[in-house]
Amino acid sequence: MAKMDKKWIALCTTAIGVMYCAGYITTETQAALSQPQQQIQTNTHTVKSQIKSQYKSGTFEGSGSNRRGSIGVKVTITNDKITDVEISHFAMHYSEKDVVGLPEEVIQKQSAQVQNVSGATYSTQAFQDAIENALTQARNA
């Protein structure tokens with residue numbers, strides 16, 4: 001086996017030591033950062049439970065209208081979440097099938113701000129107004 005120069009041995013040993021230290025420091029830093037994050041998540045959960053809910057639980061009716069007709073909805077809220085939306089009255093110029101997917105979108109977004117249905121803009125606007133009307137009634141004072 002050929003003799004290695006002492007410089008190469010020192011250089012390789014130093015490189016290995018630097019890589020080891022860098023890995024150790026990175027691991028320690030990540031561990032230190034993750035502990036406060038867990039504490040923050042626990043504290044946030046505690047704070048959320050102390051915050052007054054935005055909505056009362058129950059079923060609330062709302063209506064929206066414009067020059068093309070009117071829409072009535074029933075919005076069910078459970079534990080501050082919209083859990084069900086039903087179109088209870090539909091008297092618009094266009095077909096109800098144009099807005100049949102909007103109740104599910106309200107539940108998914110937890111908001112009255114739904115995508116406009118092309119070709120049924122007035123129906124969409126009346127639907128949004130009806131949802132907002134129901135949510136206004138559900139809001140805690």
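Structure: above.
Worth saying up front: this structure is predicted, and the values here are computed from it rather than measured. (Residues numbered from 1 in each chain as written. Predicted model: local features only at pLDDT ≥ 70, side-chain atom pairs only at ≥ 80, totals over all residues. Heavy atoms only, no water.)

Trainee: I'd like a rundown of the nonpolar core, residues and numbers included.
Mentor: Formed by 24 residues in total, the largest nonpolar core has its most connected members in Val-75, Ile-77, Phe-127 and Ile-131. Of all the secondary-structure elements, those providing two or more residues to this core are strand E2 (69-78), strand E3 (81-92), helix H2 (102-109) and helix H3 (121-138). A total of 7 residues in this core trace back to one element, the largest contributor, which is H3. With residues up to four places along the chain from it excluded, the contact list for Ile-131 reads Val-73, Val-75, Val-85, Val-106 and Ala-112. (Core = buried A, V, L, I, M, F, W, Y, C linked by side-chain atoms within 4.5 Å. Buried < 20%, exposed > 50% of the residue type's maximum accessible area, 1.4 Å probe, protein only. Helix = DSSP H or I, 4+ residues; strand = E, 2+ residues; numbered from the N terminus. Contact = heavy atoms within 4.5 Å.)

Trainee: Tell me about unusual backbone geometry, residues and numbers included.
Mentor: In this structure, Asn-79 is a non-glycine residue whose phi angle is positive, near 50°. Following the sequence through the fold, Asn-79 ends up in the loop between E2 and E3. We note that Asp-80 has phi near 70°; this positive angle belongs to a residue other than glycine. Tracing the chain through its elements places Asp-80 in the loop between E2 and E3. What makes Asp-80 partly exposed here is its relative accessible area of 29%.

Trainee: Lay out the pairing of E2 in plain terms, naming residues and giving numbers.
Mentor: Bridge count for strand E1 (residues 58-66) against E2 is 9 bridges, and the pairing is antiparallel. Paired with Glu-61 across the two strands is Lys-74, which belongs to E2. Remark: 2 residues form the turn of the hairpin made by E1 and E2, two consecutive strands paired antiparallel. When E2 meets E3, the two strands line up antiparallel, connected through 10 bridges. Looking across to E3, one finds that Thr-76 is bridged to Asp-84. Joining the antiparallel neighbours E2 and E3 is a turn of 2 residues, in which Asn-79 adopts a positive phi near 50°. (Pairing = 2+ DSSP bridges.)

Trainee: Break down the sheet that holds E3 for me, with residues and values.
Mentor: One open sheet holds the 3 strands; their spatial order is E1-E2-E3, and the pairing between them is antiparallel. A strand with exactly one partner marks an edge of an open sheet, and here the two such strands are E1 and E3. Strand-to-strand twist in this sheet, taken as the mean axis angle between neighbours without regard to direction, amounts to 20°. The strands touched by H3 are E1, E2 and E3; relative to E1, the strand with the most contacts, the crossing angle is about 145°. (Axes fitted to C-alpha atoms, helices over the stretch in contact; angles between N-to-C directions.)

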